[in-house]
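# Notes for the structure review
Chain by chain, the residues:
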Amino acid sequence: PDLAAALVPVIGAPRVTNLRNENNLRFLENVVDVSIRDLQGEKDDARAVGNVKLAFERLGAWKARDAKLLLDPERGHDADLAIVDWVAFLGGVRREPNGDHVVLRAIGPARARWVEILAVDGTVGEEVAPPQPSGWDRMDDLAKRRFIADAADQRTARLEATRSAPGRFDVKSRGVARFRLLLAEGTFDPAQPVQVVWNGRSVVKRVPLSKSVLLGDFVERFDRRFLPVAELR
């Protein structure tokens with residue numbers, strides 16, 4: 001995982017329903033930078049196929065890096081693995097652990113690369129029970145799925161962090177009460193204060209080097225390609 005990452009769903013589907021709090025489509029934006037090949041038979045369960053199509057509709061809107069849905073119109077709950085050139089696909093995926101831009105969606109504490117949500121606010125929760133809009137009975141199935149997915153988004157914390165220059169970060173969030181940034185060598189100057197603009201509010205702080213941050217993160221993750229030497233909360 002320190003070198004490459006890819007996803008290959010095969011005749012599976014994300015969940016949109018709120019039944020038993022199983023909605024996981026709300027986290028889909030977390031994989032926009034991961035290469036994906038999804039193999040699905042179009043004659044499979046209509047709900048599953050609909051969820052897959054909705055997922056790739058969203059990935060397309062987010063301009064996902066390399067996400068492709070391979071939908072076979074003649075197959076049901078079945079897939080032909082031979083339609084993917086696996087050597088070319090897997091040989092071309094690379095993991096970048098310390099890029100300049102990170103997006104993280106979560107409903108509680110969670111980590112993505114060099115950002116971590118430490119706490120969410122009261123607008124965030126696992127349960128999603130929006131009132132049915134007027135005209136619900138006249139909406140087609142896809143429209144209903146979109147409505148539920150949009151409602152789940154509003155109950156999901158989202159944090160987007162961009163490193164504009166060494167020691168300069170722009171953070172936009174919704175539903176996030178507290179977070180931290182993990183800083184590796186070269187991403188900031190320990191002799192200079194670090195500036196974070198969070199939802200338009202500027203915070204400037206000096207960030208000391210920390211052996212405990214470095215060792216704690218390595219013990220937790222064993223990732224030699226990303227070694228944080230400081231944290232900013």
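Everything discussed here concerns the structure shown above.
What this report covers is the structure whose coordinates are included nearby. Predicted, not measured: the structure shown is a model, and the values here were computed from it.

With that settled, consider a nonpolar patch on the surface. Nonpolar side chains collect at one region of the surface, where Val8, Val10 and Leu81 lie side by side and expose about 220 Å² of accessible area between them. One can find Val10 in the loop between strand E1 (6-7) and strand E2 (35-41). For Val10, a relative accessible area of 35% puts it in the partly exposed group.

Right, let's talk about the pairing of strand E12 (residues 228-232) for a bit. In terms of burial, E12 is largely enclosed, as four of its five residues are buried. Here four bridges tie strand E9 (residues 176-184) to E12, and the two strands are oriented antiparallel to one another. Paired with Leu183 across the two strands is Ala230, which belongs to E12.

Within the largest apolar cluster, 29 residues are counted, with the highest numbers of intra-cluster contacts made by Trp114, Val115, Leu159, Leu181, Leu183, Val194 and Val196. Only strand E4 (101-106), strand E6 (115-120), strand E7 (157-165), strand E8 (168-174), E9, strand E10 (194-198) and E12 provide two or more residues apiece to this core. Counting 14 residues, the second largest nonpolar core, distinct from the first, contains Val16, Leu25, Val32 and Val34.

Take the packing of aromatic side chains next. Any aromatic ring pair is given by two values, namely how distant the centres are and how the planes are angled relative to each other. This structure, assessed with the given rule, holds five aromatic pairs. Between Trp86 and Phe89 the ring centres are 6.2 Å apart and the planes differ by 65°, which places this aromatic pair in the edge-to-face class. Of the two residues, Trp86 and Phe89 are both situated in helix H2 (residues 86-92); the distance of three residues between them amounts to about one turn of the helix. Relative accessible area serves as the criterion here: at 27%, Trp86 is assigned to the partly exposed category. For Phe89, a relative accessible area of 7% puts it in the buried group. In this arrangement the basic side chain of Arg163 is found over the ring face of Trp114, its NZ or CZ atom lying 5.1 Å from the centre.

Reading guide: rules and limits
- Here, residues in each chain are numbered from 1, in the same order as that chain's written sequence.
- Given that this is a predicted model, residues contribute local features only at a pLDDT of at least 70 and side-chain atom pairs are listed and counted only at 80 or more, while totals for whole chains, interfaces and linings are drawn from all residues.
- Computation of side-chain values covers all heavy atoms of the structure but excludes hydrogens and water.
- Here, patches come from residues exposed beyond 30% relative accessible area and free of salt bridges, joined within 9 Å for like charges and within 5 Å for nonpolar side chains (Val, Leu, Ile, Met, Phe, Trp, Tyr).
- Each accessible area is a Shrake-Rupley result for a 1.4 Å probe, and residues are judged covered by the shown protein chains and nothing else.
- For this document, the term salt bridge refers to a Lys or Arg side-chain nitrogen within 4 Å of an Asp or Glu carboxyl oxygen.
- Helix and strand definitions follow DSSP, with helices as H or I runs of at least four residues and strands as E runs of at least two, each counted in order from the N terminus.
- We call a residue buried when its accessible area falls under 20% of the maximum for its residue type, exposed when it is over 50%, and partly exposed in between, using a 1.4 Å probe and counting protein chains only.
- Strands are labelled as partners when DSSP assigns at least two bridges between them.
- Definition used in this section: a nonpolar core is a set of buried Ala, Val, Leu, Ile, Met, Phe, Trp, Tyr and Cys residues joined via side-chain atoms within 4.5 Å.
- In summary, the pairing rule links any two rings of Phe, Tyr or Trp, Trp by its six-membered ring, whose centres are within 6.5 Å, and it sorts them by plane angle into stacked for under 30 degrees, edge-to-face for over 60 and tilted for everything else.
- Remark: a charge is flagged as sitting over a ring if the NZ atom of Lys or the CZ atom of Arg is within 6 Å of the ring centre and within 35 degrees of the ring normal.

Bear in mind that shape data such as this cannot, by itself, settle questions of function.
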